[in-house]
Every structure is written in structure tokens, then in C-alpha cells.
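As a plain string of letters, each chain reads:
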Amino acid sequence: MAAEKPDAVALLKADHRKVEELFEKFKQGGAEGNEALVLEICTELSIHAMLEEEIFYPACQKAMDDADAVSEAYVEHDGAKVLIAELIDSEADNEFYEAKVMVLSEMIKHHVAEEEKTLFPEAKKAGLDMQALGAKMMERKEELVSKFAGGNLPPPQTRSFTGHKLVQAAPLEAD
């Protein structure tokens, strides 16, 4: 008998645990020599976000009476995508590299807590077919893992940010 495929929530939680482990590994080793680890973190987060945004979140929005948790999740994803884009285009010796990884870690920790405490239970309560969603997400994940092998990530697509113009300035020096 074939092994049972994970439901959508189990698949997403497994992704959460993997990224938590990767962040912990980074915290133990710091930025020096960990560019490959940061790329792995960014790749895992990018694929995870795509799965949620393409499959899970639309299903939640359709099934749930109050989709505020989904709206918040989109905004949290977009904030993380800004840091992911920064990290992908940075070198480990960049002044803010390690700080960006640490802030990304904290953002993801908050996002995961919100999803697991609020969104996932609400989605289950709404009667979503978690097995069917899980199968669809597994198939898409396999495609994305193959497509992005070796860190070949596309620029992140934001869903809630409106493209404000930013001006880069140097950090201020203390008097």
C-alpha cells in the first residue's frame, strides 16, 4: 500500500519546521561562510510562499467567511519577500546581511505562529478538502523545487505592496 500523502496543513507545517531548523543553523554559525545556507532559506521560503499564494490562500479566501487572516498573511509574505530579494542580491560581507537574515527569521517566526494558531484551524473549520489541496500543493512543490534548483530564483512578486519608490541612503553616523 502506498504511503498516505500529507494534507495541506501537514505539508505547510513540515515546511515551517524545516525553515526553523535552517534559521537555527544560521544563528549558530553566523553569516561568514553561510551564503549557501541563506540561499537555501530564501529558496525554501520562496517556494513555500508560492504554494500558499497560488493554492492554499485562494482556497481559504473562497471557503472562509472572514478572510482577514489571509490578507494579513499576504502582507507578511510581501514583507519577507523584500528581505529575500535583498539577501539574494547581497554578499555575506554586506554591512546589513546578518541583520537582514535575523529580521527575516523573526518575521517568519511571527508569520508561522499566526498561521498555525489562526489560519490553519479556521481553514479546517471551513471544511476545505485538505487532502486534495495537499496533493495539488505536493505536485506544484515538485515542479518548483526542480525549477529553482541551484538557487535559480525569480524576483519575488508582491501581492499587497504597491511599489512605493524608495531612496537608498547611507546609515547615519553617531555624533
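Residues numbered from 1 in each chain as written. Predicted model: local features only at pLDDT ≥ 70, side-chain atom pairs only at ≥ 80, totals over all residues. Heavy atoms only, no water.

Draft legend 1. Broad picture of the environment of L133. Note that L133 resides in helix α5 (residues 130–147). Along the chain, L133 and F56 lie 77 residues apart, while their C-alpha atoms are 7.0 Å from each other. (Helix = DSSP H or I, 4+ residues; strand = E, 2+ residues; numbered from the N terminus.)

Draft legend 2. Geometry of α5. Helix length check: α5 (18 residues) gives 25 Å between terminal C-alpha atoms against 26 Å at 1.5 Å per residue, within 8%. Every buried residue of α5 is accounted for by M130, L133, G134, M137, K141 and L144. When α5 is viewed along its axis, its buried side chains cluster within an angular range of 95° and face the same direction. Seen from the buried face of α5, the exposed residues on the opposite side, beyond 90 degrees, are K136, E139, E142 and S146. The N-terminus of α5 is capped by D129, whose side-chain oxygen sits 3.2 Å from the backbone nitrogen of Q131. (Expected span 1.5 Å × (residues − 1). Buried < 20%, exposed > 50% of the residue type's maximum accessible area, 1.4 Å probe, protein only. Arc of directions from axis to C-beta. Polar contact = N/O pair within 3.5 Å; in protein donor to acceptor, adjacent residues only side chain to side chain.)

Draft legend 3. Broad picture of the nonpolar core. Grouped together as the largest cluster of nonpolar side chains are 46 residues, with contacts concentrated most on F56 and L104. Sort the elements by how many residues they give to this core and helix α2 (residues 35–63) lands first, with 12 residues. Dropping the residues within four chain positions of it, L104 is found in contact with F23, L45, A80, L83, I84 and L87. (Core = buried A, V, L, I, M, F, W, Y, C linked by side-chain atoms within 4.5 Å. Contact = heavy atoms within 4.5 Å.)

Draft legend 4. How the structure looks around the packing of aromatic side chains. Applying the stated criterion across every chain yields a total of 3 aromatic pairs. Geometrically, the ring pair formed by F56 and Y57 is tilted, given 6.4 Å between the ring centres and 55° between the ring planes. As far as the burial class goes, F56 and Y57 line up, both buried. Ring geometry for F56 and F120: centres 5.7 Å apart, planes at 90°, overall edge-to-face. A residue pair is termed long-range when its members are at least 10 positions apart, and F56 in helix α2 and F120 in helix α4 (residues 97–125) qualify at 64 residues. Each of the two residues, F56 as well as F120, counts as buried. (Phe/Tyr/Trp six-rings, centres within 6.5 Å; stacked < 30°, edge-to-face > 60°.)

Draft legend 5. Seen up close, the environment of L119. Relative to the helices and strands, L119 resides in helix α4. L119 sits in the buried class, given a relative accessible area of 1%. As for L119 and V9, which are separated by 110 residues in sequence, their C-alpha atoms are 10.0 Å apart. Excluding residues that lie within four positions of it along the chain, L119 makes contacts with F56, Y57, C60, M64, A69, V70 and E114.

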